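Below are the chains, spelled out letter by letter.
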Amino acid sequence: MNIILLGPPGAGKGTQAARLQAQRGMIQLSTGDMLREARASGSPIGDKVKAIMDAGELVSDEIVTALIGERLDSAQAKGAIFDGYPRTQAQAEALDLLLSERGRKLDYVIELVVDEDALVDRITGRFSCAKCGTGYHDRFKPTKVAGVCDVCGSTEFVRRPDDNEQTVRRRMAEYRAKTAPILPYYESRGLVRRVDGMESVDEVAAQIDAVLDATE
Ligand code: AP5
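Residues numbered from 1 in each chain as written. Predicted model: local features only at pLDDT ≥ 70, side-chain atom pairs only at ≥ 80, totals over all residues. Heavy atoms only, no water.

Draft legend 1. Focus on the overall build of the protein. Across its full length, the protein holds nine helices and eight strands. For 216 residues, the compact-globule formula gives about 17 Å, and the C-alpha radius of gyration of the protein, at 17 Å, lands near that figure. Its C-alpha atoms put the protein at 45 × 40 × 35 Å along the principal axes. Among the 216 residues that make up the protein, the fraction classed as buried is 45%. Once local pairs closer than 6 in sequence are excluded, the contacts in the protein between residues at least 24 apart make up 69%. Distance between charge centres in the protein, computed from 29 positive and 34 negative side chains, equals 2 Å. (Helix = DSSP H or I, 4+ residues; strand = E, 2+ residues; numbered from the N terminus. Rg over C-alpha atoms; globule rule 2.2 N^0.38 Å. Buried < 20%, exposed > 50% of the residue type's maximum accessible area, 1.4 Å probe, protein only. Contact = heavy atoms within 4.5 Å. Lys, Arg positive; Asp, Glu negative; His and termini not counted. Charge placed at Lys NZ, Arg CZ, Asp CG, Glu CD.)

Here's what the structure looks like:
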């Protein structure tokens, strides 16, 4: 099964994709994570995208589609969760081509419906373990023991440079202008399912599971 998780910054795409990967063996394909890896490696692509990401703007369709294309074959068996891709009409059409070239198809586009004002709080409170990458939130998902990662025990944490209020607002504007308009493309094919992204993490998970289980 191949699904897209669609929603603005902070809607919970990464949280739910990581859970689906752990529980169902699907593969999370996050263009945001791929771009952050490229930045950290100091590769030519990484240097090119750094300023764009820090400004909260979208990286070129060609770069992100190339990154997804490279990883898609690794997500063959139990399927892929597209997290943060596609974000433009050109990316949506490129994804259709990548899948059809491999004899695969899209099963669902799950839209996380959220209230944008609440998202600034979610994003500015987010941090992750510097060692294993597990994600947390100051209020909504703190570590069990203060200052210690639940998963690997590390005491070092990081915050994303684009998680400040000004950049978050720019990212949201990009979502409204370029990403939300691709929904009708999928609606016309009957692929869109909506879940209430303002519920708790567990409740959102249950709503997504209900969609996926209905077809298994
Ligand atoms: P990317 O990394 O994809 O960021 P994003 O879309 O802005 O999404 P986020 O990671 O901020 O949020 P999320 O929805 O995953 O929420 P999360 O689960 O973490 O992209 C970053 C940048 O890379 C872009 O700005 C762009 O420059 C570039 N880029 C990436 N893909 C691109 C593409 N395809 N084309 C062009 N450019 C691209 O949750 C947020 C917080 O809330 C967490 O702390 C979490 O614990 C908490 N939380 C989650 N769910 C809930 C809940 N239900 N209740 C309470 N708290 C919750």
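Once the structure has been displayed, the description carries forward.
Draft legend 2. Here's a closer look at the site of the ligand. Looking at the ligand, there are 34 residues lining it, with Thr15, Glu57, Arg87, Arg126 and Arg171 nearest. In the environment of the ligand, an oxygen atom lies 2.9 Å from a nitrogen or oxygen atom belonging to the side chain of arginine 36. Here a nitrogen atom of the ligand sits 2.9 Å away from a polar atom, N or O, in the main chain of glycine 84. Surface burial for the ligand is 94%, taken as the share of its 1100 Å² of free accessible area covered by protein chains. Residue assignment for the shell around the ligand shows that the elements contributing at least two residues are α1 (13-24), α2 (31-41), β6 (135-137) and α9 (201-213). Among the elements that take part in the shell around the ligand, α2 stands out by supplying four residues, more than any other. Here the residues of the shell around the ligand are counted per class, giving 13 nonpolar, eleven polar and ten charged. (Near = heavy atom within 4 Å. Polar contact = N/O pair within 3.5 Å; in protein donor to acceptor, adjacent residues only side chain to side chain. Areas by Shrake-Rupley, 256 points an atom, 1.4 Å probe, with all protein chains shown as cover. Nonpolar A, V, L, I, M, F, W, Y, C, P; charged D, E, K, R; others polar.)

Draft legend 3. Highlighting the sheet that holds strand β2 (residues 27-30). Taken together, five strands build an open sheet; the order of strands is β2-β3-β1-β4-β8 and the sheet is parallel. Only two strands of the sheet have a single partner each, and these edge strands are β2 and β8 (192-196). Across the sheet, the mean angle from the axis of one strand to that of its neighbour is 25°, orientation sign disregarded. Judged from the five bridges that link them, strand β4 (residues 108-113) and β8 form a sheet pairing that is parallel. The partner of valine 109 across the bridge, within β8, is valine 192. (Pairing = 2+ DSSP bridges. Axes fitted to C-alpha atoms, helices over the stretch in contact; angles between N-to-C directions.)

Draft legend 4. Geometry of the pairing of β4. β4 sits mainly inside the fold: five of its six residues count as buried. Note that strand β1 (residues 3-6) and β4 share four bridges and pair parallel. Paired with leucine 6 across the strands is glutamate 111, a residue of β4.

Draft legend 5. Up close: the packing of α2 against helix α3 (residues 44-54). In contact at an axis separation of 8 Å, α2 and α3 are set at 120° when each is read in the N-to-C sense. Judged by the angle between their axes, α2 and α3 are oblique. In terms of crossing hand, the pair formed by α2 and α3 is left-handed. Of the residues in α3, those in contact with Gly32, Leu35, Arg36, Ala38 and Arg39 of α2 are Ile45, Gly46, Val49, Lys50, Met53 and Asp54. Broken down by class, the residue content of the contact of α2 with α3 amounts to five nonpolar, two polar and four charged. (Parallel < 35°, antiparallel > 145°, perpendicular 65-115°, else oblique. Left-handed = near helix turned anticlockwise from the far one by under 90°.)

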